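# Coordinates in review
Spelled out from the first residue to the last, the chains are:
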Amino acid sequence: MTKIIFATGNANKVKEVKKMLENLDVEVLSMKEANISTDVEETGTTFEENAILKAKAIANKTDAIVIADDSGLEVDYLNKEPGIYSSRYLGEDTSYTIKNQAILDRLDGVAKEQRTARFVCAMAVIMPNKKVFTTVQTMEGYIGFESAGKNGFGYDPIFFLDKYGCSSAEMSMEEKNKISHRGKALRTTKKIIEDQLK
Ligand code: ITT
């Protein structure tokens, strides 16, 4: 069976990706399950650069297919903050209750039309022959006026989608994966891998 290592320390990302690939004849392993550990400094200036950095750090240690993503939230009114600093926003160890409230506070009094935002996911895949491929995908929405929902992770409770009338933390994982930045990136990545394995 084809082995894919998903190079992330974020257990929620692993859950989403495993769910999306569960019907495929591939074995998806987290770094922990693959017994690989590394601390990658995200020194890139774009999501794409950071995704490649993370994937390369692991691909140096294995001959399996390696996928990594770098993702985050861009809030237009905040000049696209927190962007590539999404997980580091207000400190890596700060809870998302606090991070989310800080964003709501910074948008206090801002009308809905100006609250547009998007999740971005850059995904890099490195094949066993060390060829690198990337894709960048988004999910458009807006920052709500209060937190809602308990599903998902990170900024999901404050990210709302007009079409669904709820936050992405109020959607099931299946619903979110169908339309999410990471879902789209993974479907594109899957096609790339299938093409490469032909
Ligand atoms: P790795 O670098 O180990 O993959 P990380 O959590 O640090 O784990 P990123 O650097 O890519 O990952 O930061 C992504 C952050 O962006 C994540 O911690 C969330 O705060 C936010 N984010 C990304 N995708 C999200 C999603 O689908 N829902 C909610 N928040 C998301």
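Placed above this text is the structure.
Everything in this summary refers to the structure shown in the same document. (Residues numbered from 1 in each chain as written. Predicted model: local features only at pLDDT ≥ 70, side-chain atom pairs only at ≥ 80, totals over all residues. Heavy atoms only, no water.)

Moving on: the site of the ligand. For the ligand, the set of nearby residues contains 20 residues, the closest of which are Thr8, Gly9, Lys54, Tyr96 and Lys176. The side chain of Glu42 places a nitrogen or oxygen atom 3.0 Å from an oxygen atom of the ligand. Within the backbone of Tyr155, one N or O atom sits 3.2 Å away from a nitrogen atom of the ligand. Breaking the shell around the ligand down by element, the ones donating at least two residues are strand 3 (65-75) and helix 5 (181-197). Here the shell around the ligand takes 3 residues from strand 3, the largest share from any one element. By residue class, the composition of the shell around the ligand is 4 nonpolar, 9 polar and 7 charged. (Near = heavy atom within 4 Å. Polar contact = N/O pair within 3.5 Å; in protein donor to acceptor, adjacent residues only side chain to side chain. Helix = DSSP H or I, 4+ residues; strand = E, 2+ residues; numbered from the N terminus. Nonpolar A, V, L, I, M, F, W, Y, C, P; charged D, E, K, R; others polar.)

Looking now at the pairing of strand 2 (residues 26-30). When a strand is regular, its side chains alternate between the sheet's two faces. Taking burial as the measure, the 5 residues of strand 2 include 4 buried ones, the bulk of the element. Each parallel crossover has a hand, and the one from strand 1 (residues 2-6) via helix 1 (residues 11-20) to strand 2 is right-handed. (Buried < 20%, exposed > 50% of the residue type's maximum accessible area, 1.4 Å probe, protein only. Right-handed = clockwise from strand over helix to strand, strands pointing away.)

In terms of nonpolar packing, the biggest core is built from 20 residues, with Leu73, Val75, Ile103, Ile143, Tyr155 and Phe159 touching the most fellow members. Every element with two or more residues in this core is listed here: strand 3, helix 3 (96-106), strand 5 (116-126), strand 6 (132-143) and strand 7 (159-161). For this core, the leading source of residues is helix 3, giving 3 residues. Listed in part, the 18 residues of the second largest apolar core include Phe6, Met20, Cys121 and Val125. (Core = buried A, V, L, I, M, F, W, Y, C linked by side-chain atoms within 4.5 Å.)

Looking now at the side chain of Arg182. Considering the arrangement of structural elements, one finds Arg182 in helix 5. Assessed through its relative accessible area of 1%, Arg182 is described here as buried.

A separate point is the environment of Leu186. Within the secondary structure, Leu186 sits in helix 5. Taking the C-alpha atoms as reference points, Leu186 and Leu21, 165 residues apart in sequence, are found 8.8 Å from one another. Contacts of Leu186, omitting those with residues within four sequence positions, involve Val17, Met20, Leu21, Ile67 and Met123. (Contact = heavy atoms within 4.5 Å.)

Evaluation of the coordinates by the stated rule reveals 3 aromatic pairs. On the basis of an interplanar angle of 45° and a centroid distance of 4.5 Å, the ring pair of Phe119 and Phe159 is categorised as tilted. Here the residue Phe119 occupies a position in strand 5, and Phe159 occupies one in strand 7, the gap between them amounting to 40 residues. Exposure class is identical for Phe119 and Phe159. Each is buried. (Phe/Tyr/Trp six-rings, centres within 6.5 Å; stacked < 30°, edge-to-face > 60°.)

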